[in-house]
Amino acid sequence: MRQKGQSRGLQGCWVAVCVSLMLGCFPGVSAQIKYSIPEEVKVGSVVGNIAKDLGLDINTLGERRFRIVSGIRDGQFEVNQNNGVLYVHQNIDRETLCENISPCLMNLKLVAENPMEIHYVAIEISDINDNTPSFQENEKKIEISESTQPGRRFQLPTARDPDVAVNTIRVYKLSQNEHFGLQIRDRGNDKVPHLVLQKPLDREKHNEHKLILTALDGGNPPRSGTLNVTVTVLDSNDNHPVFTQEVYSVILPENVKLDTRVITVNATDQDIGLNAEVEYFLGGEHDSQIHDMFSLDKVSGEIRVKGVIDFEKYEVYKLEIHVNDKGTPPLGADCTVLIKVLDENDNKPEIEVTSLSKQVSESSRPGAVVSLISVTDQDSGLNGKVICSLSDNLPFDLKPSFQDNMYSLVLKQHLDRESVSHYDITITATDSGQPPLSTFKTLSIDVSDTNDNAPQFLYNPIELYLTENNVPGNPIYSVSASDKDLDENSAVSYHLVREEGSQSKIIAFLNVNSENGEIYALKSFDFETLKTFQFQVVATDSGTPSLSSNVTVNVFILDQNDNAPVILYPLSSNGSAEGVEEIPRNVNAGHLVTKVRAYDADIGYNGWLLFSLQEVTDHSLFGLDRYTGQIRTLRSFTETDEAEHKLVILVKDNGNVSLSATATVIVKLVEPKEAFAASDVKSAAKDDEGNDVTFYLMITLGGVSILFIISIIVLIAMQCSKSTEYTSKYLQETNYDGTLCHSIQYRSGDKRYMLVGPRMSIGSTIVPGSHANTLMLPDRRRTSEEVRVRKDDFTCMSRKCFTLSICLNLNSSMVPSRCQQ
């Protein structure tokens, strides 16, 4: 041990013997470096600047957590993250680390993160002559018969030196003696000293000889150890036992049962009696572990298993067997038994996760490294060859590295968090033994979200039916969009599309709550002014960059009964609904006295007008058609009937809250001659009045036609942009008679609706919730449409999907008998 101080004094003289870089083909593994240092070097001594040798940036070592992850038992080495220096952290004893293994290599794995890199460093621990040869015994006693012939050899105990190479035992020396010499025989890698009798012994002169055996190693300077050898001279027993073999060899499987027979050694002695009886012994120079593993029957020479045989601890056992006879003095011999342990597949592979990214972004590209994995198996040969695999149907793959049993877990395809947000990856490591053994390791990986999904509306487009005269500032509808992403990427806000166009003025009166999608109207809509419009709502998420989608909302204004009937005839010059009719006294029953004409700006039931007599002088004289407003005589006049009759006609619509107007007709009975004269005057007046009314009526119809054409163009454009399922089309109206009517028919899906006037076609059905002015019609589609003309009234019909008709029932003397649109 005195050489330790000298070797430490030379610690500043050693340098790294070799630094070799081997470029790797495995992602994240860049190089392998080899250093060489002597054992017992001072703690804190620098092994090498590993950061410089690897070409790493010293300033980023701390951020990248550059560190040693495996390959050291008790932390013999550490890396300084400030300067990248690999230094000795604890005392290094080569004999403790490697025992008799040469060269003594320590393989270190170092990891740097962001990006992930793994480096391998091999450090060779060179031996110094810090151990002195020693014998297991302080004294060896040998009994030799005086009859022993010169040249007889006696094996001496071998010395042990933990050092290796040149520092191990090189030579034995024996103290000077005239009777004995020393012979060294090589037995494998060992040098075995033998005491050789050179001159016959004479017990009567010297019954005991004191010798000193010295073992020297090859160090500079050499170290030595001594053994006292005492030779006792006995009387004659001149034949020694002889083994049948000098070296016995046997193969023994590991994990065999206790007390299993290994081999039987045999030695014979040509003497007779006690001098021929032999006993076997295990050599005393064996380690205590040998005595714990095997037992030897001293009579039969049978060797049996005493402990657990493990190939991973010892591959070969070497037993020294001694045999002695029972003569006086006893003679002995020795042999060697080599027991080779046969490896069995009794160790499962071990999986070590060197690095793992527990969260992987769904935007990661295929080939990205998720984890670094190393696999080891303590068995040898095929039993230690490991194959790794992953569970099926996973977007991951295992890539082997240039170094055996090293793998990287990489992405095989793109990830989608909305489909799978978490993966439990089971790695299976299976060796090639028979039967094969397997180990399983499960890695849990979460997929982090990226903004790759735009908000989606459940329905697009949306059809909104809004009753006119809504309260300004109140919500009229609420839209909602959903986003499959998480957190901020799924937070949705709403806004209206405000572009320049024909409906930009209407959209200016709309607003949407950006948080919940509620839509507010800042004005009240009037069905008679606006019947339909559309706008778009955009839903935008809060991701970076943000994604959006829009939905089209088609608004249909529903009519309310907010217009009272207007009397068109009779109409006096001062604007009041009063008129005078003169008829001959001799007319028959059923004679048409006049026709009350009225108009209601509402549609459907709200615009369906009914006529009734509120006040009449004689109920038996006049009758009123409740649908057409025609006043006819019920019987002929008599002399007793008064000459003047006052009729008050009540005109009311069919809304939920009915609105009405009244007209007064004064019927005067005149003699036939007076009636003809008055008729001529009245006819002329009516012609003038009729011409004026016709002129204004034509202007009104022209304006309505222009508005109608514009509405048709707008609605056709709107309908062309919709899907068939949600498209609303306006249909042709049915035939009916009435005083004045609006009718709007439209289609929604497979259903047809009509907002009707006074008379409905047979088979019409009232749609629930339609405010009693919407009808659902059977789908009647024809290749052509007929225009029907009745006496004193006309019906305007269209072949378009949408029809807006204003029909005025006037006398044949005031308007043409037929109107086509």
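Model, not experiment: these values are computed from the prediction.

Procedures and definitions
- Residues numbered from 1 in each chain as written.
- Predicted model: local features only at pLDDT ≥ 70, side-chain atom pairs only at ≥ 80, totals over all residues.
- Heavy atoms only, no water.
- Disulfide = S-S within 2.5 Å.
- Buried < 20%, exposed > 50% of the residue type's maximum accessible area, 1.4 Å probe, protein only.
- Core = buried A, V, L, I, M, F, W, Y, C linked by side-chain atoms within 4.5 Å.
- Helix = DSSP H or I, 4+ residues; strand = E, 2+ residues; numbered from the N terminus.
- Contact = heavy atoms within 4.5 Å.
- Polar contact = N/O pair within 3.5 Å; in protein donor to acceptor, adjacent residues only side chain to side chain.
- Pairing = 2+ DSSP bridges.
- Axes fitted to C-alpha atoms, helices over the stretch in contact; angles between N-to-C directions.
- pLDDT = per-residue confidence, 0-100.
- Salt bridge = Lys/Arg side-chain N within 4 Å of Asp/Glu carboxyl O.
- Phe/Tyr/Trp six-rings, centres within 6.5 Å; stacked < 30°, edge-to-face > 60°.
- Lys NZ or Arg CZ within 6 Å of the ring centre and 35° of its normal.

A look at the state of the cysteines
Then comes step 1: For the coordinates displayed, the defined rule picks out 1 disulfide.
Then comes step 2: For Cys 98, the disulfide goes to Cys 104, at an S-S distance of 1.8 Å. With the S-S dihedral at roughly 60 degrees, the linkage between Cys 98 and Cys 104 falls on the right-handed side. Cys 104 shares its class with Cys 98; the two are buried.

A word on the nonpolar core
Soluble, globular proteins show a tendency: their nonpolar side chains are buried together.
Then comes step 1: Residues Phe 243, Phe 294, Leu 319 and Ile 321 are the most contacted members of the largest nonpolar core, which totals 29 residues.
Then comes step 2: Elements supplying a minimum of two residues to this core: strand 16 (247-253), strand 17 (261-264), strand 19 (278-282), helix 4 (288-293), strand 20 (294-296), strand 21 (302-305), strand 22 (316-325) and strand 23 (332-342).
Then comes step 3: In this structure Ile 321 touches Phe 243, Val 265, Tyr 280, Phe 281, Leu 282, Leu 296, Ile 303, Ala 333, Asp 334, Cys 335 and Val 337, once residues within four positions along its chain are discounted.
Then comes step 4: By size, the runner-up hydrophobic cluster in this structure holds 28 residues, among which are Tyr 494, Ile 507, Ala 539 and Val 551.

Describing the side chain of Arg 597
Then comes step 1: Secondary-structure assignment places Arg 597 in strand 44 (residues 597-599).
Then comes step 2: Judged by its relative accessible area of 2%, Arg 597 falls in the buried class.
Then comes step 3: At a separation of 3.1 Å, a polar atom in the side chain of Arg 597 contacts the main-chain carbonyl oxygen of Lys 595.

Some thoughts on the sheet that holds strand 33 (residues 462-467)
Then comes step 1: Here we have 4 strands laid out as an open sheet, ordered 33-40-39-36, and mixed in their pairing. Edge positions in the open sheet fall to strand 33 and strand 36 (492-496), since each of these has one partner strand only. On average, each strand axis in the sheet is inclined to that of its neighbour by 30 degrees, with strand direction left out of account.
Then comes step 2: Both strand 33 and strand 40 (residues 548-558) contribute to a ladder of 6 bridges, which runs parallel. Residue Ile 462 lies in a different strand from strand 40, and its bridge partner there is Val 553.

Quick word on the confidence of the model for the protein
Then comes step 1: Looking at the protein as a whole, the pLDDT averages 78, with 80% of positions reaching at least 70.
Then comes step 2: The low-confidence segment residues 1-30 (pLDDT under 50) makes 68 contacts with residues lying over four places distant or belonging to another chain.
Then comes step 3: A low-confidence stretch, residues 723-821 (pLDDT under 50), is modelled with 263 contacts involving residues beyond four sequence positions or located in other chains.

Some thoughts on the pairing of strand 19
Then comes step 1: Burial along strand 19 is one-sided: the face carrying Val 278, Tyr 280 and Leu 282 is buried and the face carrying Glu 279 and Phe 281 is not.
Then comes step 2: Across 5 bridges, strand 19 lies against strand 22 in antiparallel orientation. Looking at the pairing, Phe 281 lines up with His 322 of strand 22.

Quick word on unusual backbone geometry
Then comes step 1: The linkage connecting Asn 220 with the following residue, Pro 221, adopts the cis geometry, with an omega of 0 degrees.
Then comes step 2: Here Pro 221 shows up in the loop between strand 13 (208-217) and strand 14 (224-234).
Then comes step 3: Looking along the chain, the bond that leaves Asn 460 and enters Pro 461 is cis, with omega of 5 degrees.
Then comes step 4: Checked against the element boundaries, Pro 461 lands in the loop between strand 32 (456-457) and strand 33.

Overview of the pattern of salt bridges
Then comes step 1: If you walk through the whole model with that rule in mind, you get 19 salt bridges.
Then comes step 2: Salt-bridge contacts for Glu 113 lead to Arg 67; the nearest nitrogen and oxygen are separated by 3.3 Å. Pair noted here: Glu 113 is in the loop between strand 6 (104-112) and strand 7 (117-126) and Arg 67 is in strand 3 (residues 67-70), with a separation of 46 residues, a long-range link.
Then comes step 3: Judged by its relative accessible area of 16%, Glu 113 is buried.
Then comes step 4: Given a relative accessible area of 25%, Arg 67 falls into the partly exposed group.
Then comes step 5: Notably, a salt bridge pairs Lys 109 with Glu 352, separated by 3.7 Å at the nearest N-O pair. Taken together, the positions of Lys 109 in strand 6 and Glu 352 in strand 24 (residues 350-356) put the pair 243 residues apart, joining distant regions of the chain.
Then comes step 6: You can call Lys 109 buried: its relative accessible area is 11%.
Then comes step 7: With a relative accessible area of 34%, Glu 352 lands in the partly exposed category.
Then comes step 8: Connected via shared salt-bridge partners are Arg 65, Arg 67 and Glu 113.

Some thoughts on the packing of aromatic side chains
Then comes step 1: Summed over all chains, the structure comprises 10 aromatic pairs.
Then comes step 2: Measuring from ring centre to ring centre gives 5.2 Å for Phe 294 and Tyr 317, while their planes differ by 80 degrees; the resulting arrangement is edge-to-face. With a gap of 23 residues between them, Phe 294 in strand 20 and Tyr 317 in strand 22 connect regions that are remote in the sequence.
Then comes step 3: Cluster of aromatic residues (ring-pair linked, three or more members): Phe 294, Tyr 314 and Tyr 317.
Then comes step 4: Sitting above the plane of the Phe 509 ring, Lys 523 keeps its charged end 5.0 Å from the centroid.

Describing the environment of Val 370
Then comes step 1: Tracing the backbone through its elements, the reader meets Val 370 in strand 26 (residues 369-376).
Then comes step 2: Take Val 370: its relative accessible area is 3%, and that puts it in the buried class.
Then comes step 3: Taking the C-alpha atoms as reference, Val 370 lies 8.9 Å from Phe 396; in sequence the two are 26 residues apart.

With respect to the side chain of Thr 214
Then comes step 1: Tracing the chain through its elements places Thr 214 in strand 13.
Then comes step 2: Beyond its immediate stretch of four places on either side in the chain, Thr 214 contacts Val 171, Tyr 172, Lys 173, Ser 224, Gly 225 and Thr 226.

Points about the sheet that holds strand 43 (residues 592-595)
Then comes step 1: A sheet is described by the order of its strands in space; here 3 strands give the open sequence 43-47-46, paired in antiparallel fashion. On the outer flanks of this sheet lie strand 43 and strand 46 (622-624), each paired with one strand and no other. Adjacent strand axes in the sheet meet at a mean angle of 20 degrees when their direction is disregarded.
Then comes step 2: Bridging between strand 46 and strand 47 (residues 630-633) involves 3 bridges; their strand directions are antiparallel. The residue bridging Gly 623 from the neighbouring strand is Arg 632, located in strand 47.

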